[in-house]
Amino acid sequence: MMIPIPPGSATGFNGQVCPFCYKPRVEREFSAGGILVRRLRGRWYLAAIRPTGRGERTWALPKGWIDAGESPAETAIREAFEETGL
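Since we're looking at a predicted model, the values are computed, not measured.

(A) Quick look at the overall build of the chain. Tallying secondary structure elements over the chain gives one helix and six strands in all. Secondary structure of the chain in N-to-C order comes out as β-β-β-β-β-β-α. Per-residue burial for the chain yields a buried fraction of 17% across its 86 residues. Only carbon and sulfur atoms are counted for the fraction: they give 56% of the accessible area of the chain, which is about 7100 Å².

(B) Seen up close, the environment of serine 31. The topology assignment puts serine 31 in strand S3 (residues 31-33). Given a relative accessible area of 33%, serine 31 falls into the partly exposed group. Residues serine 31 and proline 72, spaced 41 residues apart in sequence, show a C-alpha to C-alpha distance of 7.4 Å.

(C) Spatial organisation of the pairing of strand S4 (residues 37-40). Sheet topology places S4 next to strand S5 (residues 43-46); four bridges connect them, and they run antiparallel. Note on S5: the bridge partner recorded for leucine 40 is arginine 43. In this antiparallel pair of consecutive strands, S4 and S5, the connection spans two residues, and arginine 41 shows a positive phi of 45°.

(D) Representation of helix H1 (residues 72-84). When the terminal C-alpha atoms of H1 are compared, their 18 Å separation across 13 residues agrees well with the 18 Å that a helix rising 1.5 Å per residue should span. Where H1 is buried, its residues contact S3 and strand S6 (63-65). Just downstream of H1 lies glycine 85, where phi reads positive at about 80°.

(E) View of unusual backbone geometry. The backbone phi angle of arginine 41 is positive, close to 45°, even though this residue is not glycine. Following the sequence through the fold, arginine 41 ends up in the loop between S4 and S5. By relative accessible area, arginine 41 is classed as exposed at 81%.

(F) Fine view of the environment of proline 72. One can find proline 72 in helix H1. Not counting residues within four places of it along the chain, the set of residues in contact with proline 72 comprises Ala32 and Ile66.

(G) Just a nonpolar patch on the surface, in detail. Together, Ile35, Val37, Trp44, Leu46 and Leu61 make up a nonpolar patch on the protein surface, roughly 550 Å² of accessible area in all. Judged by relative accessible area, which is 53%, leucine 46 ranks as exposed.

(H) Representation of the side chain of glutamate 79. Tracing the sequence through the fold places glutamate 79 in helix H1. Excluding anything up to four places from it in sequence, glutamate 79 contacts Ala32, Pro62, Lys63, Gly64 and Trp65.

About the thresholds
Residues numbered from 1 in each chain as written. Predicted model: local features only at pLDDT ≥ 70, side-chain atom pairs only at ≥ 80, totals over all residues. Heavy atoms only, no water. Helix = DSSP H or I, 4+ residues; strand = E, 2+ residues; numbered from the N terminus. Buried < 20%, exposed > 50% of the residue type's maximum accessible area, 1.4 Å probe, protein only. Areas by Shrake-Rupley, 256 points an atom, 1.4 Å probe, with all protein chains shown as cover. Pairing = 2+ DSSP bridges. Expected span 1.5 Å × (residues − 1). Contact = heavy atoms within 4.5 Å. Patch = residues over 30% accessible without salt bridge, like charges linked within 9 Å, V, L, I, M, F, W, Y side chains within 5 Å. Salt bridge = Lys/Arg side-chain N within 4 Å of Asp/Glu carboxyl O.

The values reported here are purely geometric and, on their own, carry no functional implication.
Here it is, written out as structure tokens:
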């Protein structure tokens, strides 16, 4: 189910938004991301980010859009570094 959005708002494909996340619907989106896991002194750690504009209890894995001429693997490595510094 998609909900129409008002004229003049940021529109995606077909002028509709997702009823669950309220992001504009797009025809097709390609992104890639990575999971960074490390074990230190017997404990496992997972690198995560806090997305801008979300609640303080919201965490996400680093990901982003695939740039022109870039492979999904290259995107995952770039995004993980850009968003975590690791």
